[in-house]
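Working through the structure, step by step
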Amino acid sequence: MEMKLWVSLIVVSAITTTALGDFGGALVKGFYKESCPLAEEIVKHNVEVAVLKDPRMAASLLRLQFHDCFVLGCDASVLLDTHGDILSEKQATPNVNSLRGFEVIDYIKYLLEEACPLTVSCSDIITMAARDSVFLRGGPWWEVYLGRRDSLKASFAGANQYIPAPNTSLEGLIINFKQQGLDIQDLIALSGAHTIGKARCVSFKQRINQPNMLQTFYVDEFKRHSTFRRILRSQCKDSSRDNELSPLDIQTPAYFDNHYYINLLKGRGLLISDNVLVSEDHEGEVFRKVWEYAVDQELFFADFVESMLKMGNINVLTGIEGEIRENCRFVNL
């Protein structure tokens with residue numbers, strides 16, 4: 001049934017320009033229709049296999065696109081290993097021992113090189129894999145714009161500077177997203193990616209240990225916040241458990257849905273950077289949008305897709321910029 005649904009959704013539309021590069025290139029729908037017609041199907045099939053083997057991989061591949069696009073742009077710089085003058089972004093604080101999915105991308109790239117040598121960019125593979133991961137967990141499907149090329153460099157310093165920390169304030173998140181050309185609605189919608197995946201204790205220990213931390217605007221009459229924190233504290237009771245994992249969405253951790261926002265309203269967001277969406281904007285635009293997404297999943301899905309497409313255009317390389325890497329871990333010789 002799922003395969004039939006997927007096939008029915010793969011409808012290549014007319015080419016539509018969405019982002020122009022400095023040299024006149026453009027991201028378009030159906031970019032590989034002629035040059036590598038099975039590209040999207042190869043990516044989709046292998047993402048499905050990877051997620052079946054490891055359900056957490058869906059969230060990891062989605063996160064990979066965030067961590068790529070927020071540093072230099074959506075150019076697969078995050079995939080580069082340390083080599084020569086390149087210091088890998090994988091070693092930066094937000095990524096080390098945390099970012100996953102590199103081997104999945106490697107294998108997909110290997111298959112695409114067999115089918116269509118030096119044709120499909122690593123950055124486009126990341127984009128397609130993120131979309132397919134969302135769909136495979138029950139989220140929306142959308143046509144991605146393709147035609148990105150791959151960076152010739154990485155930015156270790158940029159990864160440390162531009163990827164938000166799990167304890168970032170709301171003001172800090174707004175500034176961070178604005179630096180990427182994303183607005184407040186994009187911040188709220190893209191935060192919904194935390195409806196799947198897990199985080200390590202080290203990422204949320206500050207939240208559960210901080211004294212008198214009221215997470216929502218109303219009195220915790222039924223001790224919901226303190227009970228939730230007590231559960232987390234028992235799981236992460238000492239530094240030996242820093243790498244223990246807890247679901248970002250405690251209600252429906254395996255499904256891409258709107259329960260992330262429902263959890264926030266109950267004081268059950270896992271990270272400080274999740275909870276600030278309600279705890280630091282009681283009456284404003286952010287809080288209202290959280291409520292809207294909590295009661296209307298279709299609205300969340302629509303806005304999430306729009307923001308993912310917008311994020312996927314950050315500082316893309318097109319036309320004759322960059323290159324199509326043969327191996328996603330290294331620039332071509």
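Here the structure is a predicted model, which is why all the values come from computation and not from measurement.

Criteria and thresholds
Residue indices follow the written sequence of each chain, beginning from 1 at its first position. The predicted origin of the model limits local features to residues at a pLDDT of at least 70 and limits the giving and counting of side-chain atom pairs to 80 or more, whereas totals for whole chains, interfaces and linings rest on all residues. Each side-chain value is worked out from all heavy atoms of the structure, with water and hydrogens disregarded. Helix and strand definitions follow DSSP, with helices as H or I runs of at least four residues and strands as E runs of at least two, each counted in order from the N terminus. Partly exposed residues are those whose accessible area sits between 20% and 50% of the maximum for their type, while under 20% is buried and over 50% is exposed, using a 1.4 Å probe and protein chains only. Here a polar contact means two N or O atoms within 3.5 Å. Within protein one must be a hydrogen donor candidate and the other an acceptor candidate, and residues neighboring in sequence count only if both atoms are side-chain atoms. For every residue, the predictor assigns a confidence score, pLDDT, that lies between 0 and 100. In what follows, residue pairs with any heavy atoms lying within 4.5 Å of each other are defined as contacts. UniProt positions are given in the numbering used here, feature names are shortened, and annotations may be inferred rather than shown by experiment. By nonpolar core we mean a set of buried residues, namely Ala, Val, Leu, Ile, Met, Phe, Trp, Tyr and Cys, connected to one another through side-chain atoms within 4.5 Å. Only one rule defines a salt bridge in this text: a Lys or Arg side-chain nitrogen within 4 Å of an Asp or Glu carboxyl oxygen. In summary, the pairing rule links any two rings of Phe, Tyr or Trp, Trp by its six-membered ring, whose centres are within 6.5 Å, and it sorts them by plane angle into stacked for under 30 degrees, edge-to-face for over 60 and tilted for everything else. Here, a charge over a ring means that NZ of Lys or CZ of Arg falls within 6 Å of the ring centre while also lying within 35 degrees of the ring normal. Fitted lines through C-alpha atoms serve as axes, helices being fitted only where they are in contact, and the angles separating the N-to-C directions of these axes extend from 0 to 180 degrees. Here a crossing is taken to be left-handed if its near helix is turned anticlockwise relative to the far helix by less than a right angle, and right-handed if that turn runs clockwise. As a working rule, the residues Ala, Val, Leu, Ile, Met, Phe, Trp, Tyr, Cys and Pro are called nonpolar, Asp, Glu, Lys and Arg charged, and the rest polar, with Gly in that last group.

Another point: the environment of D54. Looking at where D54 falls in the secondary structure, it is placed in the loop between α2 (39–53) and α3 (57–69). Judged by relative accessible area, which is 23%, D54 ranks as partly exposed. For D54, the side chain forms a polar contact with the side chain of R100, separated by 2.5 Å.

Take the confidence of the model for the protein chain next. Overall, the prediction assigns the protein chain a mean pLDDT of 87, with 83% of residues at 70 or greater. Segment residues 1–24: pLDDT under 50, and 46 contacts once partners within four positions in sequence are set aside and those in other chains are kept. Low pLDDT, under 50, characterises residues 211–224; the stretch is placed with 26 contacts to residues that sit more than four places away or in other chains.

Moving on, we get to the UniProt feature "active site" (unreviewed entry) in the protein chain. Here, UniProt's "active site" (unreviewed entry) annotation points to H67. Residue position: H67 is located in helix α3.

Attention shifts here to the nonpolar core. Of all hydrophobic cores here, the largest spans 79 residues; its most connected members are L62, L79 and F304. If we skip the residues at most four places from it in the chain, L62 touches A130, V134, A193, I196, F256, F304 and M308. In this structure, C201, C236, L248 and L270 belong to the second largest nonpolar core, which totals eight residues.

Moving on: the pattern of salt bridges. According to the stated counting rule, one finds twelve salt bridges in the structure shown. R100 is the salt-bridge partner of D54, the closest N and O atoms lying 2.5 Å from each other. Taken together, the positions of D54 in the loop between α2 and α3 and R100 in the loop between α3 and α4 (102–115) put the pair 46 residues apart, joining distant regions of the chain. Each member of the salt-bridge network shares a partner with another, and the members are D81, K90, D106 and R329.

With that out of the way, let us pick up the packing of aromatic side chains. Enumeration according to the criterion identifies 14 aromatic pairs in this entry. Taken together, a centroid distance of 5.1 Å and an interplanar angle of 70 degrees make the contact between F70 and F177 edge-to-face. You can see F70 sitting in the loop between α3 and α4 and its partner F177 sitting in helix α7 (residues 170–179), a full 107 residues away along the chain. Owing to a relative accessible area of 3%, F70 belongs among the buried residues under this scheme. The exposure class assigned to F177 is buried, which follows from its relative accessible area of 6%. Through a chain of ring-to-ring contacts, the aromatic side chains of W142, F256, Y260, Y261, Y293, F300, F301 and F304 assemble into a single cluster. Above the face of the F102 ring, K90 is positioned so that its terminal group lies 4.4 Å from the ring centre.

Turning our attention to the UniProt feature "binding site: Ca(2+) 2" (unreviewed entry) in the protein chain. Under the local residue numbering, the UniProt record ascribes the feature "binding site: Ca(2+) 2" (unreviewed entry) to T195, D249, T252 and D257. Spanning 63 residues, the named residues form one tight spatial group whose C-alpha atoms are at most 9.7 Å apart. Examined against the element boundaries, D249 turns out to sit in the loop between β2 (245–247) and α11 (259–265). Among the residues examined, D249 registers a relative accessible area of 0% and is labelled buried. Excluding its chain neighbours within four sequence positions, the residues that come into contact with D249 are H194, T195, D257, H259, Y260 and N263. Within the local environment of D249, its side chain forms a polar contact with the backbone nitrogen of Q251, the two atoms lying 2.9 Å apart. Relative to the helices and strands, T252 resides in the loop between β2 and α11. Apart from residues no more than four positions distant in its own chain, T252 is found in contact with T195, D257 and H259.

Let's shift gears to the packing of α2 against α4. Taken N-terminus to C-terminus, the directions of α2 and α4 make an angle of 150 degrees; their axes are 10 Å apart at the nearest point. The way α2 lies across α4 gives a crossing that is right-handed. Taken together, the residues of α4 that come into contact with α2 (itself represented by A39, I42, V43, N46, V47 and A50) are V104, Y107, I108, L111, L112 and A115. Residues that form the contact of α2 with α4 fall into these classes: eleven nonpolar, one polar and no charged.

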